[in-house]
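Below, each chain spelled out in residue letters.
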Amino acid sequence: MKSLSEIYNKHKSHFGEIIRFCIVGIIATVIHYGVYLLLKRYINISIAYSLGYIISFAVNFWLTNRFTFKTKATIKRGIGFSLSHVINYFLHIVILNTVLWVGANSDYAPILVFCIVIPINFLLVRKAIK
């Protein structure tokens, strides 16, 4: 039977990617949520959410390449990342509007959306970048 250290060493790179993904995800999520909370007072909720998403997307792409997967940002990776985020964005908007439709508070609805979509996003982004 393998020891924990053997198992850890075998999966160390994946574990590191997940930890770094979480750090980048927290940064991108805070940016997204902060922009959303600021703008929703002045403009439509979906537009505020979308603008927050776009701003966090730019930061996320740079950090995902440099820090999470330690790759160089290329046009090919940018296209893959963008396509994965188009899918991700639509998941965000559909789930956000569904959560709001069932009566969730607009200040806290994005938190539920993040909890649902972030694990899906990891798989999409990992496939696009690697």
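Numbers given for residues are sequential positions, taken from 1 along each chain in its written order. At least 70 in pLDDT is required for a residue's local features to be given in this predicted model, at least 80 for side-chain atom pairs to be given and counted, and no such filter applies to totals for whole chains, interfaces and linings, which use all residues. No hydrogens and no water enter the side-chain calculation; it runs on all heavy atoms of the structure.

A.B. asks: When you look at helix α3 (residues 75-101) in this model, what are you seeing that I'm missing?
C.D. replies: It helps to recall that an α-helix has 3.6 residues per turn; residues three or four apart then point in one direction. A run of H or I in DSSP counts as a helix once it spans at least four residues, and a run of E counts as a strand once it spans at least two, with each numbered from the N terminus. Multiply 1.5 Å by the residue count of a helix minus one, and that product is the helix's expected span. For α3, with 27 residues, the first-to-last C-alpha span of 38 Å sits near the 39 Å given by 1.5 Å per residue. Each residue is placed in one exposure class: buried if its accessible area under a 1.4 Å probe, protein chains only, is under 20% of its type's maximum, exposed if it is over 50%, and partly exposed if it falls in between. Looking only at α3, the buried set comprises Gly78, Phe81, Ser84, His85, Asn88, His92, Ile93, Ile95, Leu96 and Val99. Positive backbone phi, at 105°, marks glycine 103, one or two positions downstream of α3.

A.B. asks: Looking at this structure, I do not really get empty space enclosed by the protein. What am I missing?
C.D. replies: One simple way to see leftover space: roll a probe sized like a water molecule over the atoms. Using a 1 Å grid laid over the protein atoms alone, points where a 1.4 Å probe fits but cannot get out form a cavity; open sets with protein on both sides within 12 Å along at least 5 of 7 lines form a pocket; any residue with an atom within 4 Å of a point counts as lining. Grid points are joined across faces, edges and corners, and a volume is the space filled by probe spheres set on the points. Enumeration according to the criterion identifies 1 cavity of 30 Å³ or more in this entry. In this model, the largest cavity occupies a volume close to 190 Å³. Lining the largest cavity are 16 residues, and of these Ala28, Thr29, Asn60, Asn88 and Asn121 lie nearest its centre. Of all the elements in the fold, those that place two or more residues in the lining of the largest cavity are α1 (4-39), α2 (45-68), α3 and α4 (109-129). Classification convention: Asp, Glu, Lys, Arg as charged; Ala, Val, Leu, Ile, Met, Phe, Trp, Tyr, Cys, Pro as nonpolar; all other residues, Gly among them, as polar. A class-by-class count of the residues in the lining of the largest cavity yields 7 nonpolar, 9 polar and no charged.

A.B. asks: What exactly am I supposed to notice about the environment of valine 113 here?
C.D. replies: Examined against the element boundaries, valine 113 turns out to sit in helix α4. A residue is classified by how much of its surface remains accessible, and valine 113, at 0% relative accessible area, is buried. Remark: the alpha-carbon pair of valine 113 and histidine 92, spanning 21 residues in sequence, is separated by 6.2 Å. Any two residues whose heavy atoms approach within 4.5 Å are treated as being in contact. Leaving out residues up to four positions away in the same chain, valine 113 has contacts with Tyr49, His92, Ile95 and Leu96.

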